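Below are the chains, spelled out letter by letter.
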Amino acid sequence: MRASPGGRPGTMWSRMAASLRKESVSEAITGYLFVSPFLVTIGTFIFFAAVYAFYLSFHKYDLFSPPEFVGLANYRKLLTNTDFRIALRNVAVYTAGVVPTQTAVAIALAVLANQKLKLRGFFRSAYYVPCITSSVASSLIFMWLYYKQGIINYILSLLRLPSNIDWLGNPSTALPAIMTLVIWTTSAYFMVVFLAALQDIPTSVYEASKIDGASGWQTFWHVTLPLLRPSIFLVVVLGTIGCMQVFDQVYIMTRGGPLKSTMSIVYLVYTEAFGDLKFGYGAAMAFALFAVIFVLTLIQRKYLDIKIEY
Amino acid sequence: MKRFAGIVLCAVLLMTLAVGAAAAGKVTLVLSGWQASPEEQQLVKDALEVFAKKYPDIEVKYEPIVEDYSTKIKTMLAARNAPDVFYVDIFWAEPLMKRGMLLALDPYMAKTGTKRSDFAETLLNGFTYDGKTYGIPKDFNTLGLFYNKKMFDEAKIPYPTPDWTWDTLRDVAKKLTNVVGDPAKDRYGICLPVDAARFRPFLVQSGAQFVDKTGTKCLFASPEGIRALDFYTSFKTKDKSAVIPSEVGAGWGGDAFGKERVAMVLEGGWLIPYLNNNFANVEYGVCELPKGPAGRGNVYFTVSYSVAASCKHPEEAWLLVEHLTGYENQKKVLETGFALPTRIALGEHPFFKDNPNMAAIFKGYAYAVPWQFGEHSEKIMNVLNQAIEKVYLKNESPEKAMKDAVKEIDGILSE
């Protein structure tokens, strides 16, 4: 330790340091007190629940009798479960369709909403409305649109296109129908992320590209898009996680049907646990899903995540 | 001074506690059910008013559950936080009885002189496990054949009678179908949804048993079972005389019937108030289901009032159950036409003479099987739904669909 100036080692300086320490301790306590409501909630309903679910995944548990240890039996059963395989495939198709589309739509919306247009505030709010609408309400509205006598078929009939489609009742159209609904609702949410990122890009970069004679399209492709990469990474990761966990829309619109064509993993977890009282098995499924998401996120991180310095 | 104030405060608190305890001689019970129609809910409230006059010391809080009833009740039971008295559907009664979540009512029944034999035996058996009674059926329903009188008149076809056979049903459904290519005008003979509950009666009519004596082998893949699936699906796949509700822009069979898109539908008594409230112009009748190759068959749905095993006032809870399922209350419910009584003494009530529609649904009970498949009801129902769906949407043969379904059901039963 360096000697303190003034030739009077200790006393004043150490006293100050001590009082500082005391202050910082009490400050820390205050800080923790402020965040404690959040910590307690998240601790009980997320951390504890997750750890307990992991514990349950090695048990046979029917909600009423005490959990009975079964080792890896639940996970082993999962390997031969055809429904789980179907759900995994559905969710893969769903994610592969939704994530790129919603990201692209979100970027397009953000670029549009970032222009200096008349009524910019109105457009921004209008784009954002689908995402603050509850998923239950939007699912119900889309069910009406998708009915065989619904508006979508009516518009198709005006265009003299095939219009006799039971969108949610047909195994080949039900999943795309749900995907369309989800893209519509989530794109707006991610638009906000991109909008914030766009406003972070310094104007000097645009000026430089203008001086170099880049067209609008070139500027977007070679300047804006690369600079949005950290946000794209964020949106793709969050989007993938959300898609892998799709539940509400399936529960309300199709209940996994027709012919299991919209069966998602979380919906399967729900039916096993609450329908058939197999909570341990359901928990094992949830952790298998967690493993899949974890690996996917690692891969995305490897290929998409880069730091940008201006 | 401070201490004195403290003592006074303590004394006041103690006194209020004592007063509270005296008032608490009044027992409070919580009653839950799913949220039915407003009219039906009013019936429960009326019954509770009568109960409050009869037992002024028991206070009943009625707390209906809005959505996802069985999920909520199961989690509440697991948390030992369940209502004292609540509805239990026969469809998922067995897992609860088996795991000791419900109170055996027999000792309390003995105290007030209620006998098992007062109630229809088959209904009560749905809430009996290991010889003990875990619920008193509050009412029940079977399926009836609802028919649109106007459409029958226009096609000059006589109304259905109880001696109709499978062939008559198929024949008439074909005659009543009128598809002109305009979705607003197309009419179909019958609505046969992807729903194992509507398909179940045909299995009985064809003579197919659910399981063998061991209870682990499903018998639906027998020639009789395959015949039933073939019959149920032929209306739609071969004759084009049947639709599922979504094809005609309806949410369920009753809705399709009310909107007059189909001439016939298989529904229970719940359709009567639904039609009165939403489609009062539709003139309809209800008939017993037609006879199949193996005779009559139907399916019954029933719900009990049960008491949670964790209930702290079982004596009082039983008094509530007894009142709600008692002769007087069931008589009142029947006379409003909402549900069918479970008390044998009410089977001869003159109400049925004036209400042939309700009478037709009541008669189905004599040859009906319960709507449940034991411990794994929901899973097995889903497998049967899939079988119907495979024939409807993938043009799979009923034989293959049924055999695959039974393979899956056997797997579930042997778990």
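All figures in this text were calculated on a predicted structure; none of them were measured in a lab. All residue numbers here refer to positions counted from 1 along the written sequence of the relevant chain. Labels are handed out in written order, letters beginning with A for the chains and numbers beginning with 1 for the ligands. Local features in this predicted model are restricted to residues of pLDDT 70 or higher, and side-chain atom pairs are both shown and tallied only at a pLDDT of 80 or more, whereas totals for entire chains, interfaces and linings draw on every residue.

1. Remarks on the overall build of chain B
Right, on to step 1. Helix and strand content of chain B: 18 helices and 13 strands.
Right, on to step 2. Structurally, chain B occupies a C-alpha span of about 95 × 50 × 45 Å along its principal axes.
Right, on to step 3. In this scheme every C-beta is placed from the backbone, and a residue whose C-beta has 20 or more other C-beta atoms within 10 Å is buried, one with 12 or fewer is exposed, and one in between is partly exposed. Looking at the 415 residues of chain B, the share that counts as buried comes to 44%.
Right, on to step 4. Taking the intrachain contacts of chain B between residues at least 6 apart in sequence as the baseline, contacts between residues at least 24 apart amount to 73%. Helix numbers and strand numbers start at the N terminus; a helix is a DSSP run of H or I with at least 4 residues, a strand a run of E with at least 2. C-beta atoms are placed from the backbone for every residue, and two residues are taken to be in contact when these atoms lie within 7 Å.

2. Quick word on the overall build of chain A
Right, on to step 1. Secondary structure assignment for chain A yields 13 helices and 2 strands.
Right, on to step 2. Viewed in the frame of its principal axes, chain A has a C-alpha envelope of about 95 × 70 × 35 Å.
Right, on to step 3. The long-range share in chain A, meaning contacts at least 24 apart out of those at least 6 apart in sequence, stands at 70%.

3. Regarding the nonpolar core
Right, on to step 1. By size, the foremost hydrophobic cluster in this structure holds 117 residues, and its most contacted members are Ile190(B), Val262(B), Val307(B) and Leu320(B).
Right, on to step 2. No other element matches the 8 residues that helix 17 (residues 377-394) of chain B contributes to this core.
Right, on to step 3. When residues of this core are assigned to domains, at least three map to each of domain 1 (26-141 + 301-357) and domain 2 (144-299 + 373-413) of chain B.
Right, on to step 4. Among residues more than four places away in sequence, those in contact with Val307(B) are Asp84(B), Val85(B), Leu102(B), Leu103(B), Leu105(B), Pro314(B), Ala317(B), Trp318(B) and Val321(B).
Right, on to step 5. In this usage, the nonpolar core is the set of buried Ala, Val, Leu, Ile, Met, Phe, Trp, Tyr and Cys residues whose C-beta atoms join them within 7 Å. Within the second largest apolar cluster, 60 residues are counted, among which are Ala87(A), Ile107(A), Ala188(A) and Val236(A). Note that domain bounds follow an automatic or database assignment of domains.

4. Some thoughts on the interface of chain B and chain A
Right, on to step 1. Across the contact, 19 residues belong to chain B and 17 residues belong to chain A.
Right, on to step 2. Elements with a contribution of two residues or more to the side of chain B that touches chain A: helix 3 (69-78) and helix 17 of chain B.
Right, on to step 3. Residue type decides the class: Asp, Glu, Lys and Arg count as charged, Ala, Val, Leu, Ile, Met, Phe, Trp, Tyr, Cys and Pro as nonpolar, and the leftover types, Gly among them, as polar. Classifying every residue of the side of chain B that touches chain A by side-chain character gives 6 nonpolar, 5 polar and 8 charged.

5. Some details on the domain arrangement of chain A
Right, on to step 1. For chain A, the assigned domains read domain 1 (5-56) and domain 2 (76-304).
Right, on to step 2. Each of domain 1 of chain A and domain 2 of chain A has a C-alpha centre, and these two points are 39 Å apart.

6. Overview of the sheet that holds strand 9 (residues 242-243) of chain B
By definition, the strands of a sheet pair up through backbone hydrogen bonds, in either a parallel or an antiparallel sense.
Residues and elements named next belong to chain B.
Right, on to step 1. Pairing within the open sheet is mixed, and its 5 strands lie in the order 9-8-10-7-11. Single-partner strands in this sheet number two, and they are strand 9 and strand 11 (284-287).
Right, on to step 2. Note on pairing: two strands pair once DSSP finds at least 2 bridges between them. Two elements, strand 7 (residues 144-148) and strand 11, share 4 bridges in a ladder whose sense is antiparallel. Following the sheet pairing, Tyr147 is matched in strand 11 by Gly285.
Right, on to step 3. Fitted lines through C-alpha atoms serve as axes, helices being fitted only where they are in contact, and the angles separating the N-to-C directions of these axes extend from 0 to 180 degrees. Where helix 8 (residues 166-176) meets the sheet, its contacts fall on strand 8 (188-191), strand 9 and strand 10 (262-267), and the angle it forms with strand 8 comes to roughly 130°.

7. Brief notes about the pairing of strand 3 (residues 85-89) of chain B
Residue and element names in this part refer to chain B.
Right, on to step 1. Within strand 3, 5 of the 5 residues are buried, which leaves the element mostly enclosed by the surrounding structure.
Right, on to step 2. Burial along strand 3 is two-sided: Val85, Tyr87 and Asp89 and Phe86 and Val88, pointing in opposite directions, are all buried.
Right, on to step 3. For strand 3 and strand 12 (residues 298-307), the ladder comprises 5 bridges, and the chain directions are antiparallel. Across the sheet, Val85 pairs through a bridge with Val307, a residue of strand 12.

8. Things to note about the domain arrangement of chain B
All names here are of chain B.
Right, on to step 1. The domain boundaries assigned to chain B delineate domain 1 (26-141 + 301-357) and domain 2 (144-299 + 373-413).
Right, on to step 2. Distance from the C-alpha centre of domain 1 to the C-alpha centre of domain 2: 30 Å.
Right, on to step 3. Residue-level contacts link 13 residues of domain 1 with 10 residues of domain 2.
Right, on to step 4. For the side of domain 1 that touches domain 2, the per-class residue count stands at 7 nonpolar, 4 polar and 2 charged.

9. Some thoughts on the confidence of the model for chain B
Right, on to step 1. For every residue, the predictor states its confidence as a pLDDT score lying anywhere from 0 to 100. Residues of chain B with pLDDT of at least 70 account for 94%, and the chain-wide mean is 90.
Right, on to step 2. Reported confidences for the modelled complex are a pTM of 0.84 and an ipTM of 0.81.

10. Let's talk about the packing of helix 3 (residues 82-114) of chain A against helix 7 (residues 174-200) of chain A
Between two packed helices, the angle of one axis relative to the other and the distance separating the axes together describe the packing.
Residue and element names in this part refer to chain A.
Right, on to step 1. As a packed pair, helix 3 and helix 7 sit with axes 6 Å apart at the nearest point and diverge in direction by 40°. As judged from the angle between their axes, helix 3 and helix 7 are oblique. For helix 3 against helix 7, the interelement crossing comes out right-handed.
Right, on to step 2. Residues of the contact of helix 3 with helix 7, tallied by class, amount to 19 nonpolar, 8 polar and no charged. What sets the label is the angle itself: under 35 degrees gives roughly parallel, over 145 gives roughly antiparallel, 65 to 115 gives roughly perpendicular, and the rest give oblique. Working rule for handedness: look at the near helix, and if it is turned counterclockwise from the far one by less than a right angle, call the crossing left-handed; if clockwise, right-handed.

11. A few points about the pairing of strand 7 of chain B
Residue and element names in this part refer to chain B.
Right, on to step 1. Most of strand 7 is tucked away, with 5 of its 5 residues classed as buried.
Right, on to step 2. Alternating residues of strand 7 divide into Gly144, Phe146 and Asn148 and Leu145 and Tyr147, and every residue in both groups is buried.
Right, on to step 3. Judged from the 4 bridges that link them, strand 7 and strand 10 form a sheet pairing that is antiparallel. Bridging from a neighbouring strand, Gly144 pairs with Glu267 of strand 10.

12. Some points on helix 8 of chain B
Two residues of an α-helix separated by three or four positions point the same way, owing to the 3.6 residues in each turn.
Right, on to step 1. Those residues of helix 8 of chain B that sit buried are Leu169(B), Arg170(B), Val172(B), Ala173(B) and Leu176(B).
Right, on to step 2. On its buried face, helix 8 of chain B sits against helix 7 (149-154), strand 8, helix 10 (223-237), strand 9 and strand 10 of chain B.

13. A word on the confidence of the model for chain A
Right, on to step 1. A residue-level look at chain A finds 92% of positions with pLDDT of 70 or above and a mean pLDDT of 88.
Right, on to step 2. Across residues 1-7 of chain A, where pLDDT falls below 50, the model places 3 contacts with residues more than four positions away in sequence or in other chains.

14. So, the environment of Tyr365(B)
All names here are of chain B.
Right, on to step 1. Mapped onto the fold, Tyr365 is located in the loop between helix 16 (356-363) and strand 13 (368-370).
Right, on to step 2. On the basis of neighbour count, Tyr365 is assigned to the partly exposed category, with 19 C-beta atoms found within 10 Å.
Right, on to step 3. The residues touching Tyr365, leaving out its near neighbours within four places in the chain, are Phe140, Thr142 and Tyr300.

15. Structural notes on the packing of helix 4 (residues 120-132) of chain A against helix 7 of chain A
Residues and elements named next belong to chain A.
Right, on to step 1. Where helix 4 contacts helix 7, the axes come no closer than 7 Å and their chain directions differ by 120°. In terms of orientation, helix 4 lies oblique with respect to helix 7. For the crossing formed where helix 4 meets helix 7, the hand is left-handed. Contact with helix 4, carried on its side by Tyr127, Tyr128, Pro130 and Cys131, involves Trp184, Thr185, Thr186, Ala188, Tyr189, Met191 and Val192 of helix 7 and no other residues of that element.
Right, on to step 2. Partitioning the contact of helix 4 with helix 7 into residue classes produces 9 nonpolar, 2 polar and no charged.

16. Some remarks on unusual backbone geometry
Residue and element names in this part refer to chain A.
Right, on to step 1. If you check the backbone angles, Leu119 has positive phi at about 60° while not being a glycine.
Right, on to step 2. Considering the arrangement of structural elements, one finds Leu119 in the loop between helix 3 and helix 4.
Right, on to step 3. The exposure class of Leu119 is exposed, given the 9 C-beta atoms found within 10 Å.
Right, on to step 4. With a phi close to 65°, Lys260 is a non-glycine residue in the positive phi region.
Right, on to step 5. By the secondary structure assignment, Lys260 is in the loop between helix 11 (248-253) and helix 12 (265-276).

17. Details of the environment of Pro293(B)
Residues and elements named next belong to chain B.
Right, on to step 1. By the secondary structure assignment, Pro293 is in the loop between strand 11 and strand 12.
Right, on to step 2. Between the C-alpha atom of Pro293 and that of Arg227, which follows or precedes it by 66 residues, the distance is 9.7 Å.
Right, on to step 3. Once you skip the residues sitting within four places of it in the chain, Pro293 turns out to touch Trp166, Ser206 and Gly207.

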